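Listed below, chain by chain, are the residues.
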Amino acid sequence: MLLTAADYHDLTSYDRYKMSGHGLDWLNQPNTFKTYQGLTKIELEEDTKSYQGLLSELFSLNRPPVSKEIRFQDLSSMLKLSHCLTRKEKSGPGYFYFRNVASAGALYPFETYLATFNVHGLEQGLYHHSVADQSIAQLKKGDCRGALAPAVDFHCKDQPAVVFFFTSMFFRSSWKYRDRAFRYHLLDTGHLCENLALALRSEKLKFEISYDFDDSAINELLAIDPNKEACLAIVGVFSDEVSTNLESSFTPPPSIDLKKFSLCAPEEKRYPAINEIHSITSMKREGQKRDFIRLENFVSVNLGEPVGLAPFRDTPELINYNQALLQRRSRRNFIRKPISSNIFSWLVGLFQKGNTSCHENISWRNFLSTGVLISDVEGIAPGFYLIEPHNGSLRLVLSGLLTEEMAHICLDQIWLSNCSCHFLFLADLPTLEAQYGPRSYRYAMLETGRLGQLLYLAAESIGFGCCGIGAFYDSEAREFLNLRSSVRLLYLVGLGPLTKAFV
Ligand SMILES: Cc1cc2nc3c(=O)[nH]c(=O)nc-3n(C[C@H](O)[C@H](O)[C@H](O)COP(=O)(O)O)c2cc1C
């Protein structure tokens, strides 16, 4: 039986000498699209005036959030920007659809639900977003504040106009990754969550992300089967503007068992470690916000003196946020070529500003340490550096060209050795659990996923490639990076120029 999140992470570690290959059960392949058959669909509206600025401008201080009326058209654009299909490719007898969100193994375990309270042109209710045809289906009718308010505690004191819920359907990823899949449920959901956060920034809306809520009450509200699907993140969008079309009674649709739609394959195999880790991390987060983590506590060697990066001169972005979002792909045709110090400073600067919402109740800087393996950046000697959370300066851990060895550690994905840099996400899980309780595991992984998606979009904006890596031999990574025994690698993102530019 698992006792801690660190136990789960260790149980699901990869070991080069203990990998038991397993075939995929193609007859039981999960459906990656959820459809509520029998419910009426409402098509989302076309976006006519989307934000045309750059990704980096979304973080500019002169774009403060405002409290404004949310129309159905605005809601439509939030949903599409957060999650849409971007391309289709022939695959067997059918098609494979790429999306604007990265997902481990392209299994897309996440689903989006929304409770609307104050959206002009849309009846109050609980809805499910169908990414396949960009529509929403009403699951329940009326104002669900009565059920929602005791289950999630937003710091923002304005009224929520709409609340988004991101769930994960366990079997979609465990079909391939078995017990390790809960890592990907969290990372993938973080990727999706960042897409929504950026969309809300582009609309200048006030929003707050919550990873802390009453799991059972929320899963019940969403009418999902908690053994198969669970909510992992909630995003409230706030507005004091009162719209028309308000209704009061909260009623389920007649005679449809909504929970049965949490099934995504004919015969779902259960992976008990996933239900266990979900349950262990169900307790609400404890403890108050502390100071940012201390880098010294992450590695077993002395850190170099902080090296500040020169502020970047010009933005290297070649395409705007919207284009980057639609073009985003995992790219692996990296080429060994130096990147300029200007580009590197820009990347680290953006990364430093990442993961915000209107309430700083969550800051990745309390949960994570980030590092970077640099192989080819002008003016910076190759090596492994930790990044100071408060100012982005670099602290040397290990010198040398390390990306090739890291590529071996990442299940011999050799193309990773050609990246200019590998961004690394680390957490001291036992310390986090001691400070904040087991739910901190979700915080660390979800926030990591958010930063991963931001890196993907940043890379795409400058014509670089990027690929998230969840597959690595965990202990080898810890030893190679000189991490302390309590510190775990959570995720790696490779990034750099490509053999063939795509913008
Ligand atoms: C959490 C996570 C882990 C991933 N791990 C790997 C990996 O180990 N190796 C790899 O080649 N791609 C990895 N990917 C990239 C996915 O394979 C990719 O997102 C998916 O195939 C969809 O393709 P796209 O990103 O081009 O849309 C990962 C992505 C995520 C979000």
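Only a predicted model underlies this, so the values are computations on that prediction, with no experimental measurement involved.

Student: Would you mind showing me how to read the sheet that holds strand β5 (residues 110-116) here?
Tutor: To summarise the sheet geometry, strands pair through backbone hydrogen bonds and adopt either a parallel or an antiparallel arrangement. Spatially, seven strands are ordered β1-β8-β7-β5-β9-β11-β10 in an open sheet, and the strand pairing comes out antiparallel. What marks the edges here is a single partner per strand, and that holds for β1 (41-43) and β10 (206-210). Direction aside, neighbouring strands of the sheet carry axes that sit 30° apart on average. Judged from the three bridges that link them, β1 and strand β8 (residues 135-141) form a sheet pairing that is antiparallel. Counted as the bridge partner of Lys41 is Ala137 from β8. Taken strand by strand, helix α5 (residues 181-202) contacts β5, β9 (160-169), β10 and β11 (229-238), and its axis lies near 15° from that of β11.

Student: So what exactly am I meant to see when it comes to helix α9 (residues 341-353) here?
Tutor: In an α-helix, one full turn covers 3.6 residues, which means residues spaced three or four apart are oriented alike. With 13 residues, α9 ought to run about 18 Å at 1.5 Å a step, and its terminal C-alpha atoms sit 18 Å apart, in line with that. Turning to α9, the residues buried within the fold contact α13 (440-461). Backbone geometry just downstream of α9 places Asn355 in the positive-phi region, at approximately 55°.

Student: How should I be thinking about the domain arrangement of the chain in this particular structure?
Tutor: Per the domain assignment, the segments making up the chain are domain 1 (41-280) and domain 2 (295-496). Listed per partner, the contact involves 41 residues of domain 1 and 38 residues of domain 2. Among the secondary structure elements, those contributing two or more residues to the side of domain 1 that touches domain 2 are α5, β10 and β11. For the side of domain 1 that touches domain 2, the element with the most residues is α5, which contributes 13 residues. Along the lines of polarity and charge, the residues of the side of domain 1 that touches domain 2 split into 23 nonpolar, 12 polar and six charged.

Student: Can you help me understand the sheet that holds strand β14 (residues 394-399) in this one?
Tutor: An order of β14-β13-β12-β15-β17-β16 is seen for the six strands of this open sheet, with the pairing classed as antiparallel. On the outer flanks of this sheet lie β14 and β16 (465-469), each paired with one strand and no other. Looking at each pair of strands side by side, their axes are set apart by 25° on average, direction ignored. Bridge count for strand β15 (residues 421-428) against strand β17 (residues 487-496) is eight bridges, and the pairing is antiparallel.

Student: Before we go on, may I ask you to explain the nonpolar core in this structure?
Tutor: Nonpolar side chains in soluble globular proteins tend to end up buried together. Counting residues in each nonpolar core, the largest one holds 156 residues, and the members touching the most others are Val162, Leu426 and Leu455. Both domains that meet at this core, namely domain 1 (41-280) and domain 2 (295-496), each give it at least three residues. Residues within four places of Leu455 in sequence aside, it is in contact with Phe351, Phe423, Cys466, Val493 and Leu495.

About the criteria used
- Residues numbered from 1 in each chain as written.
- Predicted model: local features only at pLDDT ≥ 70, side-chain atom pairs only at ≥ 80, totals over all residues.
- Pairing = 2+ DSSP bridges.
- Helix = DSSP H or I, 4+ residues; strand = E, 2+ residues; numbered from the N terminus.
- Axes fitted to C-alpha atoms, helices over the stretch in contact; angles between N-to-C directions.
- Contact = placed C-beta atoms within 7 Å.
- Expected span 1.5 Å × (residues − 1).
- Domains from an automatic or database assignment.
- Nonpolar A, V, L, I, M, F, W, Y, C, P; charged D, E, K, R; others polar.
- Core = buried A, V, L, I, M, F, W, Y, C linked by C-beta atoms within 7 Å.
- Buried ≥ 20, exposed ≤ 12 C-beta atoms within 10 Å, placed from the backbone.

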